[in-house]
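Remarks on the overall topology
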Amino acid sequence: MFVSDFRKEFYEVVQSQRVLLFVASDVDALCACKILQALFQCDHVQYTLVPVSGWQELETAFLEHKEQFHYFILINCGANIDLLDILQPDEDAIFFVCDTHRPVNVVNVYNDAQIKLLIKQDDDLEVPAYDDIFRDEEEDEEHSGSESDNGSEPSEKRTRLEEEIVARTMKRRQRREWEAQRRDILFDYEQYEYHGTSSAMVMFDLAWMMSKDLNDMLWWAIVGLTDQWVQDKITQMKYVTDVGVLQRHVSRHNHRNEDEENALSVDCTRISFEYDLRLALYQHWSLHDSLCNTCYTAARFKLWSVHGQKRLQEFLADVGLPLKQVKQKFQSMDISLKENLREMIEESANKFGMKDMRVQTFSIHFGFKHKFLASDVVFATMSLMESPEKDSSGTNNFIQALDSLSRSNLDKLYHGLELAKKQLQATQQTIASCLCTNLVISQGPFLYCSLMEGTPDIALFSKPASLTLLSRHLLKSFVFSGHPSPPAQLTSEPHSASWTKNRRCKLLPLVMAAPLSVEQGTVTVVGIPPETDGSDRKNFFGRAFEKAAESTNSRTLHNHFDLSVIELKAEDRSKFLDALVSLLS
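Residues numbered from 1 in each chain as written. Predicted model: local features only at pLDDT ≥ 70, side-chain atom pairs only at ≥ 80, totals over all residues. Heavy atoms only, no water.

This paragraph deals with the overall build of the chain. Helix and strand counts for the chain come out as 24 helices and 16 strands. Taken across its 585 residues, the chain has 52% of its residues classed as buried. Long-range contacts, defined here as pairs at least 24 residues apart, represent 72% of the contacts in the chain between residues at least 6 apart. Entry remark: accessible area of the chain is about 27,400 Å², with carbon and sulfur atoms responsible for 50%. (Helix = DSSP H or I, 4+ residues; strand = E, 2+ residues; numbered from the N terminus. Buried < 20%, exposed > 50% of the residue type's maximum accessible area, 1.4 Å probe, protein only. Contact = heavy atoms within 4.5 Å. Areas by Shrake-Rupley, 256 points an atom, 1.4 Å probe, with all protein chains shown as cover.)

Shown next as structure tokens:
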């Protein structure tokens, strides 16, 4: 059931209870968790926090704790699957689900007693009507019992019996038609997987409604939204709309803080709206490294080729930036160069066909020294959560990532930034090797790429979020790999041939596999929707993977909260892919 009044029907209910908090391993969930923790701290609400990275962990943790709690809060997990069927809870257990995964499972929507959905109704949910999906059994049994006909004439009895048989046949036919229609409706509804409003924004809205919204909470909401944008979970239109909502809150907070004494103190927090460069971590790196390891620029320059490297040099010359300046840390660059840097880079980027080099975002200042863009924090937190460092368990990584979001733990955030740089470099190196050795092959209805055991940084790409990010960036780069380099030149025949070849491939989705465990012989498989300009970010691979696995009896584990990420036995890979090809053809 959808909760309409979050304050009354959710917060005031759990305020006087002990609650169990299940939080998924993604940055938006962490940010929503931080906001909720801050609210609970204000009101002395007792809670236990359990990080969960998949359905198995959720089930195990629930079984472990279900005796001690009646109220459970799930952040970024639980909405897109029949929760009661998976967890089999007692009848007095209540679940509050704040999740961005869509579509929401219909049983969760229409269960009024135990499932309470903390989901914005203004999201385009398109839930089927109750009567189209559920039907009371009593209706069907009404006409099944034959009526007793004491003392009726035989001819009357016969007539009545005939009428009853006709009525029963009609009833059965209607039932079959209804069931066929129900299957079609559910197929249309559940066919595509996509994401709704950021959970951190939903939690911030709750804090704002209760007049408890602090600057820190607003920043976490911004980071949650930016995480969705960085990982291509929402459309550009949705991102811009939500940025507009948060921008109004930023103006309100800044106006409120103007009169306060600490507005310019050493430890103050200032959030500002920026129209900044689309370059990853550039303020904590060198401009050259950032240009080389940001997907947007690396794909458009085609930096995996010698020609691409040459074009980067031309671009820097056009901007008017000496190589010596570009290759040193951004903080150490000449101040005179930094003053108009954004405008200069944007102007040259337009000439080189990069029309949206700047993007709407936010930055935060902690005192006078520390400044971070929202995307910096997303990359840092994501890298901490999937850290490939030895002796780091999933729970430990989760705690490190959660701590890095607090301004009292800036050392952890800086450590996250260093890890993020390594991850971005590893991602671009892997993309270059995949494209140069033609590892991306067309399977007909989709592109396929498989990373081999022994590939550098393979331990990193066995993690779902890192592999998904690599796959998205690889698909973007592959789409640009066959294009004539902008600005378009008149070229000879071979170029236009490759252009035609890639124009068809440009519309194809990508399936990517990476080794997960050599001992168990398993691989992680990820499905990425086609990379088109007007993409609605809807992913059909979740259902396709399920059907392909079913039809071939492939040994798969659908454990991830994103249905388009699965684990598969390496031996079953070829029959699984064959089934997927015939399914999508």
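Judged by pairing direction, the sheet is mixed, and its 6 strands sit side by side in the order β11-β12-β13-β14-β16-β15 without closing on themselves. The sheet terminates laterally at β11 (441-442) and β15 (556-557), the two strands that pair on one side only. Sheet topology note: the strand β12 (residues 447-450)/strand β13 (residues 510-517) ladder contains 4 bridges and is parallel. Residue Leu447 lies in a different strand from β13, and its bridge partner there is Leu510. (Pairing = 2+ DSSP bridges.)

With respect to the helices, strands and loops of the structure, Asp28 is situated in helix α2 (residues 27-42). Asp28 gets classed as buried once you look at its relative accessible area, which sits at 1%. Put simply, Asp28 and Ser198 are 170 residues apart on the chain and 6.6 Å apart in space, counted from C-alpha to C-alpha. When sequence neighbours within four positions are dropped, the list of residues in contact with Asp28 reads Asn76, Thr100, Ser198, Ser199, Ala200, Gly224 and Asp227.

Opposite charge on two side chains permits them to pair, given that their charged atoms come into close proximity. Tallied over the entire structure, the rule returns 22 salt bridges. Between Asp43 and Lys212 there is a salt bridge, and its shortest N-O distance comes to 2.7 Å. In this pair, Asp43 sits in the loop between α2 and β2 (46-52) while Lys212 sits in the loop between α9 (199-209) and α10 (215-230), placing the two residues 169 residues apart along the sequence. Taking relative accessible area as the criterion, Lys212 reaches 23% and is therefore assigned partly exposed. Glu531 serves as the salt-bridge partner of Lys476, at 3.9 Å between the closest nitrogen and oxygen. Here Glu531 lies in the loop between β14 (522-528) and α23 (541-552) and Lys476 lies in helix α21 (residues 464-481), a separation of 55 residues in the sequence. Judged by relative accessible area, which is 17%, Lys476 ranks as buried. Overall, the relative accessible area of 18% leaves Glu531 in the buried class. By sharing partners, the salt bridges in this structure join Glu274, Asp276, Arg342 and Lys371 into a single network. (Salt bridge = Lys/Arg side-chain N within 4 Å of Asp/Glu carboxyl O.)

The next point concerns helix α8 (residues 154-190). In a regular helix each residue adds 1.5 Å, so 37 residues correspond to 54 Å; α8 covers 53 Å between its end C-alpha atoms and thus fits that length. Among the residues of α8, those classed as buried are Glu164, Arg175, Trp178, Leu186 and Tyr189. (Expected span 1.5 Å × (residues − 1).)

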